[in-house]
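Geometric and topological summary
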Amino acid sequence: MAKTETSRKLREDLTKELPEDVDIVFISSFTQAALLAYALSNYFRSKGTVTVLGGPHARCYPDDAVLYFDYVLGFANQSTIAEVLEDCSPHRPVGKYLAAHQQPIRLPGVAERWKYIESTLKKAPFLKMIPMIGSMGCPYTCPFCIDSVVPYQPLDFQEMKQDLQFLLTKFKKPTIAWHDPNFGVRFEENMEAIASAAPRNSFRFLAESSLSILTEKHLKVLNQNGFTALLPGVETWYELGNKSRTAHVTGEEKVKQVAGHINMIFKYVPYVQTNFVLGLDSDSGSEPFELTKRFIDLSPSAFPGYSLLTAFGEAAPLNLQYQKDHRVLPFPFHFLNNHLAMNIKPRNYEWVDFYDKVIDLTEYTFSPRAIYRRLKSTSNFTARWMNVMRAVSSEGYGRLRFYRQVRENLVTDKAFRQYFEGESEELPEFYTNIIKKDLGSWWSWLPQGALRHDSNAYLHKSEKPKPAMVPA
């Protein structure tokens, strides 16, 4: 038995990492890594190995994944895994889909996973960051998010404390990234577990949280417990005010209120990334982009992170409506990482106009002036270095170059534009070449047909007649 993780980019020779002579392989994958996962499954199946897919992609695109795996798992628990292992037989040409009713109540802790964590950390050249999770699901109901339909569930706080104490046996001062969609919902219990694990300043923490949780009272406690970076979601200037304590405020007024809140956070935490979603149906015209520029001016220390609106299969409630409205495009999974492609036709923009506005905002965000203001207004050395490096790397300048190329192709290449308009399903060579380059030698193992998927599978499934009830 073996387990491999495909969510990171190909920065190593996987042929040297993969196990040999195994009966069954479990692969966990985000959708952006699904094509690599499919290639790995094809490779192992060619050797007679049974393959199992879990993770976000299995939840979002189960009907596609079963074409390339023997088992595809939605929510999984010990019973689900036991059922797979008891059978352990190939299911081809269509795999078997299994799912528990809910997430497991408990996950293996850091100590149990240490041999996997340690081998991965050895490959990190500089920053060695330990991933942890304190909860699953989300208390918010953002309709575009796959976690919005998953009930919030905290994990055991005593086990959290034990995991933190274990890490102190491995590092002098561990750096820990909480992978909760919204860390700190059960704030007092989380802080009690951290504070009771070790004396103050024993850890460095990074966490994604909502502004509604990040009150000044809570920020003081976060500061005392070693939180050095926070990633609050602003998302939009017109909706989702429950996440930012702006339920009855929109537009310019929300910008000022959120900017003031972010500036207050910097009194306690040296690094803040603010997350936005571009292309929501509530956006129209230039105003949402201009308001974000205004926010950048009012809160120059914050690093803005932009995501293009993306529909991930059938895991978010809004996706069904997008498919009913014929707005979902069949971009290969490789590009569904929130910035390489927006697979939803914007409601209120033409494509060229939308990319013009995205490019303009990105240029403004990573202009020499904005980078200098971010540098000047940030006192922490590590935060200053991270802001500059992220701006001039693939995340800032790199995305800007990519967006400009997409915009040029939309104007000059008729077939490229037809694909974006949903008038053609022929994938432009521009995108095929990117996949070939990124997969490298694994391109040859990509199964036939894997570049295409039914982008309306959720709709087709919902339209199937349900079996008639047989009276008892």
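Sequence order as written defines residue numbering, which begins from 1 separately in each chain. At least 70 in pLDDT is required for a residue's local features to be given in this predicted model, at least 80 for side-chain atom pairs to be given and counted, and no such filter applies to totals for whole chains, interfaces and linings, which use all residues. Water and hydrogen atoms play no part in the side-chain values, which are based on all heavy atoms of the structure.

**Some thoughts on the pairing of strand 11 (residues 227-235)**
Buried residues are those whose accessible area, probed at 1.4 Å on protein chains only, stays under 20% of the maximum for their type, while exposed residues exceed 50% and partly exposed ones sit between those limits. Helix numbers and strand numbers start at the N terminus; a helix is a DSSP run of H or I with at least 4 residues, a strand a run of E with at least 2. For strand 11, a buried count of seven out of nine residues is recorded, marking the element as mostly surrounded by other parts of the structure. For the handedness criterion, the strands are oriented away from the viewer, and a crossover whose path from the first strand over the helix to the second runs clockwise is classed as right-handed. With respect to chirality, the unit in which strand 10 (residues 204-209) leads through helix 9 (residues 216-224) into the neighbouring parallel strand 11 is right-handed. Sheet topology note: the strand 11/strand 12 (residues 271-278) ladder contains four bridges and is parallel. Counterpart to Glu235 in the pairing with strand 12 is Phe276. Between any two strands, pairing holds if DSSP finds at least two bridges.

**Quick look at helix 10 (residues 251-265)**
What a helix is expected to span follows from its residue count: subtract one and scale by 1.5 Å. Look at helix 10: 21 Å from first C-alpha to last across 15 residues, which is about the 21 Å you get at 1.5 Å a residue. When we look at burial in helix 10, the residues that qualify are Gly251, Lys254, Val255, Val258, Ala259, His261, Ile262, Met264 and Ile265. Here the buried face of helix 10 lies against helix 9, strand 11, strand 12 and helix 11 (287-298). Whether two residues touch is decided by their heavy atoms; if any such pair falls within 4.5 Å, the residues are in contact.

**Remarks on the sheet that holds strand 9 (residues 175-178)**
Sheet architecture is open: six strands sit in the order 6-9-10-11-12-13, paired in parallel fashion. The sheet terminates laterally at strand 6 (129-132) and strand 13 (303-308), the two strands that pair on one side only. On average, each strand axis in the sheet is inclined to that of its neighbour by 20 degrees, with strand direction left out of account. Note that strand 9 and strand 10 share four bridges and pair parallel. Paired with Ala177 across the strands is Leu206, a residue of strand 10. Angles shown run from 0 to 180 degrees and are taken between the N-to-C directions of axes, each axis being a line fitted to C-alpha atoms and, for helices, limited to the stretch in contact.

**Considerations on the environment of Arg113**
Among the structural elements, Arg113 can be located in helix 6 (residues 110-121). Residue Arg113 is classed as partly exposed on the basis of its relative accessible area, which comes to 26%. Considered as a pair, Arg113 and Pro300 are 187 residues apart in the sequence and their alpha carbons are 39 Å apart. Polar contacts, as used here, are pairs of N or O atoms within 3.5 Å; protein pairs need one atom able to donate a hydrogen and one able to accept it. Residues neighboring in sequence count only if both atoms are side-chain atoms. Of the polar contacts made by the side chain of Arg113, one reaches the backbone oxygen of Pro108; its length is 3.2 Å.

**So, the packing of helix 10 against helix 11**
It is at 9 Å that the axes of helix 10 and helix 11 come closest, and there the two elements cross at 30 degrees. One way to sum up the angle between helix 10 and helix 11 is to call them roughly parallel. Seen from above, helix 10 lies across helix 11 with right-handed handedness. Two secondary-structure elements touch here, helix 10 through Gly251, Glu252, Val255, Lys256, Val258, Ala259, Ile262 and Asn263 and helix 11 through Leu291, Arg294, Phe295 and Leu298. Three residue categories are used. Nonpolar comprises Ala, Val, Leu, Ile, Met, Phe, Trp, Tyr, Cys and Pro, charged comprises Asp, Glu, Lys and Arg, and polar comprises the others, including Gly. For the contact of helix 10 with helix 11, the per-class residue count stands at seven nonpolar, two polar and three charged. Angles below 35 degrees are treated as roughly parallel, those above 145 as roughly antiparallel, those between 65 and 115 as roughly perpendicular, and all remaining angles as oblique. A clockwise turn of the near helix away from the far one marks a right-handed crossing, whereas an anticlockwise turn of less than a right angle marks a left-handed crossing.

**Notes on unusual backbone geometry**
Cis geometry is found at the peptide bond from Arg92 to Pro93, where omega equals 10 degrees. As for its position among the elements, Pro93 is in the loop between helix 5 (78-87) and strand 5 (96-98). Not every positive phi belongs to a glycine, and Cys88 is a case in point at roughly 50 degrees. Tracing the sequence through the fold places Cys88 in the loop between helix 5 and strand 5. Residue classification places Cys88 among the partly exposed positions, given a relative accessible area of 27%. The backbone of Glu235 sits at a positive phi, close to 70 degrees, despite the residue not being glycine. The topology assignment puts Glu235 in strand 11. A relative accessible area of 10% means that Glu235 is categorised as buried.

**Quick look at the confidence of the model for the chain**
Confidence of the predictor at the level of single residues is captured by pLDDT, which takes values from 0 to 100. Looking at the chain as a whole, its pLDDT mean stands at 92, while 94% of the residues score no less than 70. In the predicted structure, residues 1-9 sits below a pLDDT of 50 and forms 28 contacts with residues beyond four places in sequence or in another chain. When the criterion is pLDDT under 50, residues 468-472 qualifies, and its contacts beyond four places in sequence or with other chains add up to zero contacts.

**Section: a nonpolar patch on the surface**
On the surface, Phe381, Trp385, Met389 and Val392 cluster together to form a nonpolar patch covering roughly 460 Å² of accessible area. Position of Phe381 among the secondary structure elements: in helix 15 (residues 381-392). Patch membership needs two things, relative accessible area over 30% and no salt bridge, and members are linked within 9 Å if like-charged or within 5 Å if nonpolar (Val, Leu, Ile, Met, Phe, Trp, Tyr). Note on areas: these come from Shrake-Rupley sampling with a 1.4 Å probe, and a residue is covered only by the protein chains present in the view. Between Lys or Arg on one side and Asp or Glu on the other, a salt bridge is scored when a side-chain nitrogen of the former is within 4 Å of a carboxyl oxygen of the latter.

**Details of the nonpolar core**
Residues enter a nonpolar core if they are buried and are Ala, Val, Leu, Ile, Met, Phe, Trp, Tyr or Cys, with the set joined through side-chain atoms within 4.5 Å. Residues Trp178, Phe227, Phe354 and Phe420 are the most contacted members of the largest nonpolar core, which totals 118 residues. Tallying contributions element by element places helix 2 (residues 34-46) first for this core, with nine residues. Residues in contact with Phe420, not counting those within four places in the same chain, are Leu329, Phe331, Lys345, Trp351, Tyr355, Val406, Leu410 and Tyr431.

**Some thoughts on the pattern of salt bridges**
Applying the stated criterion to the full structure yields 25 salt bridges. Close ionic contact of Lys96 with Glu83 constitutes a salt bridge, the shortest N to O distance being 3.9 Å. Pair noted here: Lys96 is in strand 5 and Glu83 is in helix 5, with a separation of 13 residues, a long-range link. Since its relative accessible area comes to 29%, Lys96 is described here as partly exposed.

**As for the side chain of Arg45**
Along the chain, Arg45 turns up in helix 2. Filtering out sequence-adjacent residues up to four positions away, Arg45 remains in contact with Thr51, Leu67, Tyr68, Phe69, Asp70, His91 and Arg92.

**Digging into helix 2**
The end-to-end C-alpha separation of helix 2 is 18 Å, in line with the 18 Å expected for 13 residues at 1.5 Å each. The element helix 2 is extensively covered by neighbouring structure, given that eleven of its 13 residues are classed as buried. Every buried residue belonging to helix 2 is among Ala34, Leu35, Leu36, Ala37, Tyr38, Ala39, Leu40, Ser41, Tyr43, Phe44 and Arg45, and all of these are buried. In the segment just after helix 2, Gly48 is the residue with positive phi, at about 85 degrees.

**A short note on the packing of helix 7 (residues 157-167) against helix 8 (residues 187-197)**
Helix packing for two helices is described by the angle between their axes and how far apart those axes are. Interhelical geometry of helix 7 versus helix 8 gives an angle of 35 degrees and a closest axis separation of 9 Å. In the packing of helix 7 onto helix 8, the handedness of the crossing is right-handed. Of the residues in helix 8, those in contact with Phe157, Met160, Lys161, Leu164 and Gln165 of helix 7 are Glu189, Asn190, Ala193, Ile194, Ser196 and Ala197. Grouping the amino acids of the contact of helix 7 with helix 8 by side-chain chemistry returns six nonpolar, three polar and two charged.

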